[in-house]
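Remarks on the overall topology
So you can see what is in the structure, the chains are spelled out below.
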Amino acid sequence: MRVVVVGAGLAGLTAADELTAAGADTVVLEARDRVGGRVHGLEVAPGSWVDAGAAYLGDKHTMLAAALAESDLKTTPTAMVGASRFDLGSLSTRPGRFPPLSAVALGELFDALDEVTSSVRPHAPWLSPDAEARDARSAADWAAEHLRHPDARLFFPLFLGEMMAADPAAISVLHMAFYLRSGGGTGYLNAFEGGAQQDRVDGGSHQLAVALAARLGDRVRLSQPVRAIHQDHRGALVHTAAGTYPADAVVVAVPPLLADEIEYRPGLPVGRAGPGTGRGCAIKVHLVYPAPLWRDAGLSGWSLSSAGPMQSTVDDSPPGVGVLTGFVTGAEALRFSALTAAEQRASVRAQVSGLFPDLPPPTAIHVTDWVAEPYSRGCYAALFGPGDWLQRGPTLTTAHLRVHWAGTETSTEFFGLMEGAIRSGHRVASEIRARY
């Protein structure tokens, strides 16, 4: 049996690895000159790597943990020792990560989020109570109605930016509720210790993609963006600029916006994306120092800012070097992405000098702009806008003749996370094995 997998991210590589082990003749076509997709390593010093893409995992991410163990990869705790810096109108330093805002207002915010989240049917969000009404409204509309206190209104877009890389105006209420529910709930997603951000892969999560690709060997073909998939009762033909690949089954494991750029013959009955589907608005900034110097001042490296461009920073230092990872998300990411490289670095330097005035200038600044990345169209995941779930949800994993779907956006468990991508890879491999 011949299977062509489109996309060498964690979903596509997982599917290809499982299908190859089952005896399929598998080829993986990847548009980039590297594997990993939205998992990407960045060497900030000789032998010292950080995650320019997906990074964190927790104890509920069981399939990711199993894949790491199979490849003999270890995890390391996310550092969170010391005080945090907050710039929410004025600069302050506090223990832990709770911002200097009204505890009552934030409590009401999370109560409201938990209420809307708890009613979602995670395996079929479009069948949830009030799904039609919630899918028709944006999260910004929901906030305007439910959040009365200015502190809650200030914190809400920062929270959604950190959790979902989303501007509240760009996603539906249903998508917000589903995303938070599928990821384990607001408390789990937002937590370091005991939560979804508890650990990261020692040496970078890109190593898992590299290990999976190494097992597949020359079955992985780089720099081959897929242009068209034509199929009939006899089989499928997958077209790239470099050649045509025949297949009995095809796995498309790329984000919805990219999947829709492929020409399908016959055409898809329902597009993978719609007019309201957006790209995840995330840009990662890595500021490099000789050592994690903030620790000497009793600081954790964690910060939260409403001023931007970075809404938050975290200590992601590998051995031998200090690294502050900054996150530019939501509407701010779109603005930041439009700047020149020099303007981006200047604005980051200015912000860090205000947040951490005792630090020397960073020795290097690396900007990974996922908004502008042509073969991702955003990160962490596609943003489902008003109308998307009701229109596209029911066909999210429905095969189009011989074309099957994978990717974190097809997973109703841990949507947008590495765990969701890996689960989707196993699901589609099982689907193909059962069908063919």
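Scope of this entry: the structure provided in the associated data block. (Residues numbered from 1 in each chain as written. Predicted model: local features only at pLDDT ≥ 70, side-chain atom pairs only at ≥ 80, totals over all residues. Heavy atoms only, no water.)

1. Description of the overall build of the protein
Along the backbone of the protein there are 14 helices and 21 strands. Taking the principal axes of the C-alpha coordinates as reference, the protein spans close to 65 × 50 × 40 Å. Within the protein, buried positions represent 59% of all 436 residues. Looking at the protein alone, contacts between residues at least 24 apart form 72% of all its contacts between residues at least 6 apart. Roughly 16600 Å² of accessible area belongs to the protein as shown, and the carbon and sulfur atoms make up 54% of that amount. (Helix = DSSP H or I, 4+ residues; strand = E, 2+ residues; numbered from the N terminus. Buried < 20%, exposed > 50% of the residue type's maximum accessible area, 1.4 Å probe, protein only. Contact = heavy atoms within 4.5 Å. Areas by Shrake-Rupley, 256 points an atom, 1.4 Å probe, with all protein chains shown as cover.)

2. Digging into the pattern of salt bridges
Considering all chains together, one arrives at 20 salt bridges under this definition. One salt bridge connects Arg200 with Asp316, and the closest N-O pair in it is separated by 3.6 Å. Of this pair, Arg200 sits in strand E9 (residues 199–201) while Asp316 sits in the loop between strand E18 (312–315) and strand E19 (322–329), and the two are 116 residues apart along the sequence. Note on accessibility: Arg200 and Asp316 belong to one class, buried. Between Asp232 and Arg234 there is a salt bridge; the shortest N-O distance is 2.8 Å. The network of salt bridges with shared partners includes Asp17, Glu70 and Arg215. (Salt bridge = Lys/Arg side-chain N within 4 Å of Asp/Glu carboxyl O.)

3. Considering the side chain of His230
By secondary structure assignment, the location of His230 is in strand E11 (residues 226–232). The residues contacting His230, other than those within four sequence positions of it, are Gly235, Ala236, Leu237, His239, Glu263 and Arg265.

4. A few points about the packing of aromatic side chains
The full count for this structure, using the stated rule, is 14 aromatic pairs. Relative to Phe415, the ring of Phe384 lies with its centre 5.5 Å away and its plane at 80°, an arrangement referred to as edge-to-face. Within this pair, whereas Phe384 is found in the loop between strand E20 (364–369) and helix H13 (388–392), its partner Phe415 is found in the loop between strand E21 (403–405) and helix H14 (418–435), the two being separated by 31 residues in sequence. Phe415 shares its class with Phe384; the two are buried. Ring pairs connect the aromatic residues Trp126, Phe178, Tyr179, Phe384, Trp389 and Phe415, which therefore count as one cluster. (Phe/Tyr/Trp six-rings, centres within 6.5 Å; stacked < 30°, edge-to-face > 60°.)

5. Looking at the packing of helix H3 (residues 103–118) against helix H6 (residues 150–164)
Between H3 and H6, the shortest axis-to-axis distance is 9 Å and the interhelical angle comes to 55°. With respect to each other, H3 and H6 are oriented oblique. When the axes of H3 and H6 are compared, the crossing they make is right-handed. Here H3 contributes Ala105, Leu106, Leu109, Phe110 and Leu113 to the contact with H6, which in turn contributes Asp151, Ala152, Phe155, Phe156 and Phe159. For the contact of H3 with H6, the per-class residue count stands at nine nonpolar, no polar and one charged. (Axes fitted to C-alpha atoms, helices over the stretch in contact; angles between N-to-C directions. Parallel < 35°, antiparallel > 145°, perpendicular 65-115°, else oblique. Left-handed = near helix turned anticlockwise from the far one by under 90°. Nonpolar A, V, L, I, M, F, W, Y, C, P; charged D, E, K, R; others polar.)

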